[in-house]
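# Architecture at a glance
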Amino acid sequence: MLYIKRVGIVGAGAMGSQIAEIMALNGYEVFLKDVSKEFVDRGINNVRKDLEGLVRFHETKAEREISRIEEQDGVTLSEEQKKRIHGKLKPTYDGKRASDALSRIHGSESFDPFKEVDLVVEAIVEEVEEKKKLFKELDQIIPKKVVLASNTSTLSITEIASAARGRSDKIIGTHFFNPPVTLPVIEVIPGLETSEDTTADIIDFLSALRNHRYPMMPVRVKEVPGFLVNRILGAMLNEAFALYEEGVASMRDIDQAMKTGAGLPMGPFELSDLIGLDVLYHENGGRVSHATPDSDCQENVLFWKIRAKVGQRFLQLLLTASLKFQRA
């Protein structure tokens, strides 16, 4: 039985900070670690902004519903009716709940607080050697009972675990999806040496969590390249890249068609932005997509993936630099 009170998160970026936020909202003390105070402070500030937005959303739920009813039905609700709506749509999250959650997140530039944690979730760069280096270091610092979980979206858990041979039975993949505060699914990936007890305990723990909207939904997945969701999404993205290169439609039109015709919340190129070109690059063995081995995209991917990670979007880069995907 896994008893968890304190959680360590390594990596205060987009994923690490939101995983920390989920843990804190569910009552756990969180130690958020990164390589510099600047990165740690940025991560905690992102959590603060996220929680403020969550509180505003809940505070205005009733008024939005009143406006929706009056505009849609062309009626004016009485004060009594409005009062009932306010009573029914009381805020689930208020300022106190948000400040309590934020107070549970403690920033750190060292692993000293990790000597007291019960679970560690790694959310650093998607590079297997970097993860192995981290897990080897953690193995020497944290108690042997502690489970080490990787948020990798595609890398081998067994290979990552090979760096910490003394606890390979307690190393597991827990792939949260971006953004985890609104998407509930978590792929749980045991490595070849991960014990059944570790797998069952982590699934039970994750099942009890809740993000901004839903109970978290862990799904056990066999260790295969791309795991489950990204393997399916990858096939769609490959086709989108191929269709663009063949001149079938523009990127914007492909995105628009998939949103309005297939009911997707975002198009494949918008999704590529969100996933990150660096992740796609590694998932596809040094290509943005398997469908484009000879394209100009491969020659410029290092430029794109770095620029995309510092705030410039994929479509903007292509438009401003006049770069095109086309077969040689």
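Residues numbered from 1 in each chain as written. Predicted model: local features only at pLDDT ≥ 70, side-chain atom pairs only at ≥ 80, totals over all residues. Heavy atoms only, no water.

Our focus in this paragraph is the pairing of strand β2 (residues 29–33). Burial runs high along β2: four of the five residues are buried. By the bridge criterion, five bridges tie strand β1 (residues 6–10) to β2 in an arrangement that is parallel. Each residue of the ladder has a partner; that of Gly8, found in β2, is Phe31. Crossover β1 to β2 through helix α1 (residues 14–25) is right-handed. Here β2 pairs with strand β3 (residues 105–108) via four bridges, running parallel. If you follow Lys33 over to β3, its bridge partner there is Ser108. (Buried < 20%, exposed > 50% of the residue type's maximum accessible area, 1.4 Å probe, protein only. Helix = DSSP H or I, 4+ residues; strand = E, 2+ residues; numbered from the N terminus. Pairing = 2+ DSSP bridges. Right-handed = clockwise from strand over helix to strand, strands pointing away.)

Omega for the bond connecting Asn178 with Pro179 falls within 30 degrees of zero, at 0°, which places this linkage in the cis form. Look at Phe227: it is not a glycine, yet its phi comes out positive at around 55°. Structurally, Phe227 can be placed in the loop between β8 (217–220) and α9 (229–245).

In this model helix α2 (residues 37–59) runs 33 Å from its N-terminal to its C-terminal C-alpha over 23 residues, within 8% of the 33 Å that 1.5 Å per residue would give. All of the buried residues along α2 are Val40, Gly43, Ile44, Val47, Leu51, Leu54, Val55 and His58. Contacts from the buried residues of α2 go to α1, β2, α3 (61–73), α5 (95–103) and β3. (Expected span 1.5 Å × (residues − 1). Contact = heavy atoms within 4.5 Å.)

Moving on, we come to the environment of Glu65. The residue Glu65 is located in helix α3 in this model. The class of Glu65 is partly exposed, set by a relative accessible area of 24%.

For the rest of this paragraph, the subject is the confidence of the model for the protein chain. Looking at the protein chain, the pLDDT average stands at 87 and 84% of residues meet or exceed 70. Note that residues 290–312 has pLDDT below 50 and, in this model, 47 contacts with residues that lie over four places away or in other chains. (pLDDT = per-residue confidence, 0-100.)

Attention shifts here to the side chain of Glu21. The residue Glu21 is located in helix α1 in this model. An unpaired buried charge is present at Glu21: no salt bridge exists, and Arg97, the closest side chain of opposite charge, is 10 Å distant. Polar side-chain contacts of Glu21 include one of 2.7 Å to the side chain of His212. Filtering out sequence-adjacent residues up to four positions away, Glu21 remains in contact with Val47, Asp50, Leu51, Ile105, Val181 and His212. (Lys, Arg positive; Asp, Glu negative; His and termini not counted. Salt bridge = Lys/Arg side-chain N within 4 Å of Asp/Glu carboxyl O. Polar contact = N/O pair within 3.5 Å; in protein donor to acceptor, adjacent residues only side chain to side chain.)

In space, the eight strands of this open sheet follow the order β3-β2-β1-β4-β5-β6-β7-β8, with mixed pairing throughout. If you trace the sheet from one side to the other, it starts and ends with β3 and β8, each paired once. Ignoring strand direction, the axes of neighbouring strands in this sheet form an average angle of 25°. The sheet strands contacting α1 are β1, β2, β3, β4 (119–122) and β6 (171–176), and the helix crosses β2 at an angle near 170°. (Axes fitted to C-alpha atoms, helices over the stretch in contact; angles between N-to-C directions.)

With that settled, consider the packing of aromatic side chains. All chains considered together, the criterion is met by four aromatic pairs. Ring plane angle 65° and centroid distance 5.3 Å describe the contact between Phe241 and Phe269, whose orientation is recorded as edge-to-face. Placement of the pair is Phe241 in helix α9 and Phe269 in helix α11 (residues 268–275), with a sequence separation of 28 residues. Comparing Phe241 with Phe269 shows no difference in burial state: the two are buried. Measuring from ring centre to ring centre gives 6.3 Å for Tyr244 and Phe269, while their planes differ by 75°; the resulting arrangement is edge-to-face. Of the two residues, Tyr244 sits in helix α9 while Phe269 sits in helix α11, which places them 25 residues apart along the sequence. The two residues Tyr244 and Phe269 agree in class, both being buried. Three or more aromatic residues link up through ring pairs in this structure, and these residues are Phe241, Tyr244 and Phe269. (Phe/Tyr/Trp six-rings, centres within 6.5 Å; stacked < 30°, edge-to-face > 60°.)

If you trace the backbone, Val181 turns up in the loop between β6 and β7 (185–190). Once residues within four sequence positions are removed from consideration, Val181 is found in contact with Gln18, Glu21, Ile22, Asp50, Asn211, His212 and Arg213.

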